[in-house]
Amino acid sequence: QAQLVESGGGLVQPGESLTLSCTGSVTVLAFRSVGWFRQAPGKQRELVASIAPDGTTEYADSMKGRFIISRNSAENTMYLQMNSLEPEDTAIYYCNVDPPLSRWWGQGTQVTVSS
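Everything numeric here is computed off the predicted structure, so don't read it as measured data.

1. Overview of the packing of aromatic side chains
Phase 1 of the analysis: The tally for this structure, following the rule as stated, stands at two aromatic pairs.
Phase 2 of the analysis: Measuring from ring centre to ring centre gives 5.2 Å for Phe37 and Trp105, while their planes differ by 85 degrees; the resulting arrangement is edge-to-face. Here Trp105 lies in the loop between β9 (91-97) and β10 (109-113) and Phe37 lies in strand β4 (residues 34-39), a separation of 68 residues in the sequence.
Phase 3 of the analysis: Taking the relative accessible area as the measure of exposure, Trp105 reaches 22% and is therefore partly exposed.
Phase 4 of the analysis: Aromatic side chains Tyr94 and Trp105 sit 5.7 Å apart centroid to centroid with 75 degrees between the ring planes, which places their arrangement in the edge-to-face category. One end of the pair, Tyr94, is in strand β9; the other, Trp105, is in the loop between β9 and β10, with eleven residues separating them in the sequence.

Next comes the structure, spelled out in structure tokens:
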């Protein structure tokens with residue numbers, strides 16, 4: 001049963017920005033490391049970025065400087081601001097705890113970067 005729900009995906013052109021949202025329970029977002037993951041067609045799911053309860057963030061190398069992960073515990077929401085999007089960023093984006101729990105994978109939100 002998914003504990004987190006993703007939203008905010010869409011179709012954008014290269015170079016544009018998009019912000020994803022992930023809503024969940026207080027106990028998850030406030031007290032556990034949570035992350036954004038993505039899976040592109042024909043590829044394995046990979047970690048995009050994660051944020052710890054103390055606010056420490058980590059990013060995959062290809063996202064550093066372009067993506068920003070943040071959390072608003074009062075709103076039980078985590079965000080992924082994606083800037084300078086590239087066609088290679090096209091994927092389904094998921095949120096989960098980090099490390100992820102298999103039973104918590106949700107439907108994800110589709111991000112398509114295309115001109």
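2. Digging into the pairing of β4
Side-chain direction in a regular strand flips from residue to residue, so the side chains alternate between the two faces of the sheet.
Phase 1 of the analysis: Of all the six residues making up β4, five are buried; the element is thus mostly covered by neighbouring parts of the structure.
Phase 2 of the analysis: As defined by bridge partners, β4 adjoins strand β5 (residues 46-51) across five bridges and the pair is classed as antiparallel. Bridging across to β5, Arg38 finds its partner in Glu46.
Phase 3 of the analysis: Hairpin geometry of β4 and β5 is characterised by an intervening segment of six residues between the two adjacent antiparallel strands and by a positive phi of about 75 degrees at Gly42.
Phase 4 of the analysis: Pairing of β4 with β9 involves six bridges; the strand directions are antiparallel. Opposite Gly35, over in β9, you have Asn96 as the bridge partner.

3. Some words on the nonpolar core
Phase 1 of the analysis: If you look at the biggest cluster of nonpolar residues, it comprises 27 residues, and the most contacted ones within it are Trp36, Met78, Leu80, Met82 and Tyr93.
Phase 2 of the analysis: Where this core is concerned, the elements lending two or more residues are β3 (18-24), α1 (26-31), β4, β5, β7 (67-72), β8 (77-82), β9 and β10.
Phase 3 of the analysis: The biggest single contributor to this core is β9, with four residues.

So, how was this worked out
- Residues numbered from 1 in each chain as written.
- Predicted model: local features only at pLDDT ≥ 70, side-chain atom pairs only at ≥ 80, totals over all residues.
- Heavy atoms only, no water.
- Phe/Tyr/Trp six-rings, centres within 6.5 Å; stacked < 30°, edge-to-face > 60°.
- Helix = DSSP H or I, 4+ residues; strand = E, 2+ residues; numbered from the N terminus.
- Buried < 20%, exposed > 50% of the residue type's maximum accessible area, 1.4 Å probe, protein only.
- Pairing = 2+ DSSP bridges.
- Core = buried A, V, L, I, M, F, W, Y, C linked by side-chain atoms within 4.5 Å.

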